[in-house]
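Structural characterization, general
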Amino acid sequence: MSIRLGDIAPDFKAETTEGTINFHEWLGDDWGMLFSHPADYTPVCTTELGRTAQLKDRFAAKNVKVLAVSVDGLASHKGWINDINETQNTTVNFPIIADADRNVANLYDMIHPNADNTLTVRSVFIIGPDKKVKLTLTYPASTGRNFDELLRVIDSLQLTANYSVATPADWQDGEDVVVAPSIPTEDIPERFPKGHKVIKPYLRTTPQPNK
Ligand code: BEZ
């Protein structure tokens, strides 16, 4: 069954390149990003995992733990990590699930049979500290994901979780945000003391509250 926003992220126990993980326990109170890779020793996946390793500190600064999944075994993952480190000038520093039995892939509906019967598509699940799914993304195997966009989305999700705001089209960290429709305009000055603009009664903006 497909996973929808607001669902509790399915829990699982899995072997990874950094030992056995019980997913919910491993997440603790942090955010999580679970993302799938079609297969080991493939070119696009190699660049994606290298990029994730390079960005590990930026994910950590946002309290996001990253966890990759690929439907190959542990020995294969470990050999592949050497290649990733060598070719992407980095050190893979996060766990990759050895999902040879496809347990996690099936739990998260990462295999789309009309695209490919056996390999996963490129799925992303961002999970909040409440273990609820905050974002799902599905890319085909042939398109590498944009990791700056994933970081941007996490900034947006965390702003929404901490303040009653949303982020407009193409928003970047530091730009004005949108006041949630649930806040009456008369309450805005108290809730958002940095100021606000009423562009339309339903379109109110305010400087990013955490900057
Ligand atoms: C890749 O990671 O390069 C890839 C994997 C499966 C199909 C196409 C590309």
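Remember, predicted model here, so these are calculated numbers, not experimental data.

**Notes on the nonpolar core**
Counting 26 residues, the largest nonpolar core has Met33, Phe35, Leu49, Phe59, Phe94 and Ile126 as the members making the most contacts within it. Mapped by element, the contributors of at least two residues to this core are strand E3 (31-37), helix H2 (43-54), strand E4 (64-70), helix H4 (74-88), strand E6 (122-127) and helix H6 (147-162). If you tally residues by element for this core, the top one is H6, at six residues. The contact partners of Phe94, leaving out residues within four places of it in the chain, are Thr17, Glu18, Phe35, Leu49, Thr52, Ala53, Lys56, Val66 and Ala68. By size, the runner-up hydrophobic cluster in this structure holds 20 residues, among which are Phe12, Leu27, Tyr108 and Met110.

**Let's talk about a nonpolar patch on the surface**
A cluster of nonpolar side chains, contributed by Ile199, Tyr202 and Leu203, occupies part of the molecular surface with about 320 Å² of accessible area. Tracing the backbone through its elements, the reader meets Ile199 in strand E10 (residues 197-200).

**Things to note about the site of the ligand**
In the region of the ligand, the neighbouring residues are Pro38, Thr42, Pro43, Val44, Cys45, Arg122 and Ala141. The contact in question runs from an oxygen atom of the ligand to an N or O atom on the backbone of Cys45, over 2.9 Å. When isolated, the ligand has an accessible area of 260 Å², and the protein chains bury 76% of it. Ranked by residues supplied to the shell around the ligand, first place goes to H2 with three residues. A per-class count over the shell around the ligand returns five nonpolar, one polar and one charged.

**Quick look at the domain arrangement of the chain**
By the assigned domains, the chain splits into domain 1 (13-144) and domain 2 (163-206). Once you take the C-alpha centre of each, domain 1 and domain 2 turn out to be 35 Å apart.

**Topic: the packing of aromatic side chains**
Scanning the model with the defined rule gives six aromatic pairs in all. Their ring planes at 20 degrees and their centres at 6.4 Å tell us that Phe23 and Trp26 sit as a pair that is stacked. You can see Phe23 and its partner Trp26 sitting in helix H1 (residues 23-27), three residues apart, about one turn around the helix. Note on Tyr108 and Phe125: the rings are 5.0 Å apart at their centroids and 65 degrees apart in plane angle, and the pair reads as edge-to-face.

**Focus on the pairing of strand E7 (residues 133-139)**
With six bridges connecting them, E6 and E7 associate as antiparallel partners. Among the inter-strand pairings, Ser123 is bridged to a residue of E7, identified as Thr138. The loop that links E6 with its antiparallel partner E7 comprises five residues; one of these, Lys131, has a positive phi angle of about 70 degrees.

**Describing the side chain of Asp99**
Locating Asp99 in the fold gives a position in the loop between strand E5 (96-98) and helix H5 (103-107). This buried residue, Asp99, is left without a salt bridge; Arg102 holds the nearest opposite charge, at 7.1 Å. Polar contacts involving the side chain of Asp99 include one to the main-chain amide nitrogen of Asn103, which spans 3.1 Å. Other than its neighbours up to four places away in sequence, Asp99 contacts Val69, Ser70, Val71, Asp72, Val104 and Ala105.

**Overview of H6**
Over its 16 residues, H6 runs 23 Å from end to end, which matches the ideal 22 Å to within 8%, given 1.5 Å per residue. Regarding H6, the residues found buried are Phe147, Leu150, Leu151, Arg152, Val153, Ile154, Asp155, Ser156, Leu157, Gln158 and Leu159. Of the residues flanking the start of H6, the one acting as N-cap is Asn146, its side-chain oxygen 3.0 Å from the backbone nitrogen of Asp148.

Each value, and the rule that gives it
Numbering of residues starts from 1 in every chain and runs along the sequence as written. Side-chain atom pairs in this predicted model are given and counted only at pLDDT of 80 or more, local residue features only at pLDDT of at least 70, and totals for whole chains, interfaces and linings cover all residues. With hydrogens and water set aside, each side-chain value is computed from the structure's full complement of heavy atoms. For our purposes a nonpolar core is just a set of buried Ala, Val, Leu, Ile, Met, Phe, Trp, Tyr and Cys residues, chained together by side-chain atoms within 4.5 Å. Throughout, exposure labels follow a simple rule: accessible area from a 1.4 Å probe, protein chains only, divided by the maximum for the residue type, with under 20% read as buried, over 50% as exposed, and the rest as partly exposed. Each helix corresponds to a stretch of at least 4 residues labelled H or I by DSSP, and each strand to a stretch of at least 2 residues labelled E; elements are numbered beginning at the N terminus. Pairs of residues are marked as contacts when any of their non-hydrogen atoms sit within 4.5 Å. Nonpolar side chains (Val, Leu, Ile, Met, Phe, Trp, Tyr) are joined into patches within 5 Å and like charges within 9 Å, using only residues with over 30% relative accessible area and no salt bridge. Computed with the Shrake-Rupley method and a 1.4 Å probe, the accessible areas treat only the protein chains shown as cover for residues. Here, a salt bridge means any Lys or Arg side-chain nitrogen found within 4 Å of an Asp or Glu carboxyl oxygen. One heavy atom suffices: a residue is near a molecule or strand as soon as one of its heavy atoms comes within 4 Å of it. By the criterion applied in these results, polar contacts are pairs of N or O atoms within 3.5 Å in which, for protein atoms, one can donate a hydrogen and the other can accept it, and in which residues neighboring in sequence qualify only through two side-chain atoms. Note on residue categories: nonpolar means Ala, Val, Leu, Ile, Met, Phe, Trp, Tyr, Cys or Pro, charged means Asp, Glu, Lys or Arg, and polar means any other residue, Gly included. All the domain ranges listed were derived from an automatic or database domain assignment. Centre distance within 6.5 Å is the pairing criterion for rings of Phe, Tyr and Trp, where only the six-membered ring of Trp is used; planes under 30 degrees apart are then read as stacked, over 60 as edge-to-face, and the remainder as tilted. Any two strands with at least two DSSP-identified bridges between them are counted as paired. Under this rule, positive means Lys or Arg and negative means Asp or Glu; His and the chain ends count for nothing. By definition here, a helix of n residues has an expected span of 1.5 Å times n minus one.

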